[in-house]
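# Overview (structure and organization)
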Amino acid sequence: MRKPLMRIPYTELLPSPTVYPAGATTLSTAVTALQEFFLCPAPRGLPASTVVLSGAGLSVASGLADYRGVNGTYRVNKTYRPIYYHEFVSNHEARKRYWARSFLGWTTLHKASPNAGHHAVRDLGDLGLISRVITQNVDSFHPRAHPHIPTLELHGYLRATVCTSCRTEFPRDTFQDELARLNPAWASFLTDVLASGALETEDPDERRRRGFRTNPDGDVDLPDAPYTTFRYPACPSCLANPPALADGSRAVVAVDGQGAWKAPSSAGILKPAVVMFGESIAAEVKHAAEEAIDGSGRLLVLATSLATYSAWRLAKRAKDRGMPIAIINVGGVRGEESFFTHLDPKQTGAQGVRVELSTQELLPALVDVLQQTAPKAQRNRGSSSISHKDGASAFKDMLS
Ligand SMILES: [Zn+2]
């Protein structure tokens with residue numbers, strides 16, 4: 001039996017990249033190299049289409065913090081500690097902490113939107129140059145920006161919760177309303193901090209000045225409602241119809257007078273529909289990602305250090321299939337030298353590209369050039385629309 005693929009954090013320091021081709025250090029030379037990458041015929045026997053593999057850096061321009069920082073392992077928020085799957089499913093206290101943080105972080109994520117990088121992916125799709133996207137991001141910006149290009153969300157998505165017993169999914173928005181109903185003191189605190197603008201800054205001192213205080217673990221403790229009293233709802237399906245447990249007995253799903261999950265329930269725990277650290281990626285998602293690589297002739301890696309093994313192995317698979325790889329990322333990428341060792345030193349982009357520029361800047365510039373040179377038939381749409389930047393900085397570390 002094949003081993004399940006588990007999501008684990010990677011904390012090694014990543015070396016600075018070598019740029020390929022060597023001259024592609026400016027916006028215009030990088031655009032030229034990528035133009036060549038896209039327009040030269042794919043290697044013999046491989047399909048003409050390109051698959052994208054994207055990561056957290058792509059959403060930074062939407063105001064979502066990339067907690068790894070530009071140098072790979074530096075933590076922007078030193079108190080950040082991701083919750084592990086086993087901790088979440090086995091520990092009621094850990095879930096209270098998770099949902100309290102998530103409750104505060106959700107509003108900011110909710111009002112953030114896709115940026116110019118996502119819209120450029122859409123435009124490359126309209127030009128017939130990108131046929132599918134694999135993303136590690138859980139913010140749903142890819143499917144929102146380009147619903148017509150299939151997106152595989154490798155690590156799931158925050159837009160839904162999923163029951164760990166019956167696997168039913170529920171919208172995260174309505175879950176937020178439930179959290180507000182069950183935790184009125186938190187709901188009024190959230191209203192206050194939103195009004196104060198404290199959630200629009202990542203600077204802890206500034207947040208504190210605006211009334212958003214956290215304890216040394218990064219948690220908010222309200223004087224009259226510590227997070228240890230935070231309540232979250234049970235899965236409505238399991239509550240109505242408790243599922244059978246592995247031993248054949250009927251699970252217990254108990255709630256308090258207002259519908260909050262309570263011990264000693266043995267089922268009905270809702271979790272964000274993301275793959276948490278320490279959780280296995282569903283076999284069908286893993287296979288779909290492999291098929292997306294196998295069905296393409298080139299790989300475009302966007303704004304990711306490929307730090308998680310689940311993403312790195314897809315790039316490795318592309319390399320093993322002989323697919324040209326282009327990487328656009330500020331900062332090092334895990335094992336990247338091995339993706340480029342075979343390049344002819346004289347190649348100018350067709351065999352591979354590695355540039356260290358922001359996707360936000362480079363991708364729209366690339367689209368502009370390709371739209372001018374592409375045959376008319378490929379131009380389904382006009383110029384790329386201008387995205388607006390919210391300026392909102394979501395607490396990604398509260399959500400993942
Ligand atoms: Zn359920």
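Quick notes on the rules
Residues numbered from 1 in each chain as written. Predicted model: local features only at pLDDT ≥ 70, side-chain atom pairs only at ≥ 80, totals over all residues. Core = buried A, V, L, I, M, F, W, Y, C linked by C-beta atoms within 7 Å. Buried ≥ 20, exposed ≤ 12 C-beta atoms within 10 Å, placed from the backbone. Helix = DSSP H or I, 4+ residues; strand = E, 2+ residues; numbered from the N terminus. Domains from an automatic or database assignment. Contact = placed C-beta atoms within 7 Å. Pairing = 2+ DSSP bridges. Axes fitted to C-alpha atoms, helices over the stretch in contact; angles between N-to-C directions. UniProt positions renumbered as here; feature names shortened; annotations may be inferred. Parallel < 35°, antiparallel > 145°, perpendicular 65-115°, else oblique. Left-handed = near helix turned anticlockwise from the far one by under 90°. Expected span 1.5 Å × (residues − 1). Arc of directions from axis to C-beta.

Below, the discussion takes up the nonpolar core. Within the largest apolar cluster, 95 residues are counted, with the highest numbers of intra-cluster contacts made by Leu299 and Val301. Per-element accounting of this core gives the leading share, 7 residues, to helix 3 (residues 92–111). Both domain 1 (5–64 + 115–154 + 282–399) and domain 2 (85–112 + 158–274) contribute no fewer than three residues apiece to this core. If near-sequence neighbours (up to four positions away) are discounted, leucine 299 is found in contact with Val51, Leu53, Ile293, Ala315, Ala318, Met323 and Ile325.

Here the focus is the sheet that holds strand 11 (residues 298–302). Pairing is parallel in the open sheet, where 6 strands are placed in the order 4-3-2-11-12-13. Looking at which strands have only one partner, the edges of the open sheet turn out to be strand 4 (151–153) and strand 13 (352–355). Sheet twist, expressed as the average angle between the axes of neighbouring strands with direction ignored, equals 15°. Pairing of strand 3 (residues 130–135) with strand 4, which is carried by 3 bridges, proceeds in the parallel orientation. Along strand 4, the bridge assignment pairs isoleucine 134 with leucine 152. The sheet strands contacting helix 10 (residues 283–294) are strand 2 (50–54), strand 3, strand 4 and strand 11, and the helix crosses strand 4 at an angle near 140°.

Per the UniProt record, "active site" (unreviewed entry) is found at His155. Its place among the elements puts histidine 155 in the loop between strand 4 and strand 5 (156–163). Exposure remark for histidine 155: the 23 C-beta atoms within 10 Å place this residue in the buried category.

A cis amide bond links tyrosine 20 to the next residue, proline 21, at an omega of -15°. Counting through the fold element by element, proline 21 comes out in the loop between strand 1 (5–6) and helix 1 (27–39). Positive phi, close to 65°, is recorded for serine 140, a residue that is not glycine. Examined against the element boundaries, serine 140 turns out to sit in the loop between strand 3 and helix 5 (141–145). A residue is classified by how many C-beta atoms lie within 10 Å of it, and serine 140, with 18 of them, is partly exposed. Its identity is not glycine, yet leucine 306 carries a phi of approximately 50°, on the positive side. Within the secondary structure, leucine 306 is located in the loop between strand 11 and helix 11 (309–320).

For the rest of this paragraph, the subject is the packing of helix 4 (residues 116–126) against helix 13 (residues 359–373). Packed helices, taken two at a time, are described by the angle between their axes plus the distance between the axes. Where helix 4 meets helix 13, the closest approach of the two axes is 8 Å, and the angle between their N-to-C directions is 30°. The orientation of helix 4 relative to helix 13 falls into the category roughly parallel. The interaxial crossing formed by helix 4 with helix 13 has left-handed handedness. In contact with Ala116, Gly117, Ala120, Asp123 and Leu124 of helix 4, helix 13 contributes Thr359, Gln360, Leu363, Pro364, Leu366 and Val367.

Checked against the element boundaries, histidine 118 lands in helix 4. A residue is classified by how many C-beta atoms lie within 10 Å of it, and histidine 118, with 29 of them, is buried. Placed 245 residues apart in sequence, histidine 118 and leucine 363 show a C-alpha to C-alpha distance of 8.9 Å. Excluding residues that lie within four positions of it along the chain, histidine 118 makes contacts with Leu58, Phe141, His142 and Ala145.

Under the 1.5 Å per step criterion, the end-to-end length of helix 1 is 18 Å for 13 residues, consistent within 8% with the ideal 18 Å. Within the sequence span of helix 1, burial applies to Ala30, Val31, Ala33, Leu34, Phe37 and Phe38. For helix 1, the angular spread of buried residues about the axis comes to 165°, placing them on one side. Contact partners of the buried residues in helix 1: strand 2, strand 11, strand 12 (325–328), strand 13 and helix 13.

Let us look at the sheet that holds strand 6 (residues 169–171). Read across the sheet, 3 strands follow the order 6-5-9 without closing on themselves; strand pairing throughout is antiparallel. Strands at the two margins of the open sheet, each flanked by one partner only, are strand 6 and strand 9 (270–274). On average, each strand axis in the sheet is inclined to that of its neighbour by 45°, with strand direction left out of account. Bridge analysis of strand 5 against strand 9 gives 4 bridges, and the strand direction is antiparallel. Considered in strand 9, the bridge of valine 162 is made with lysine 271.

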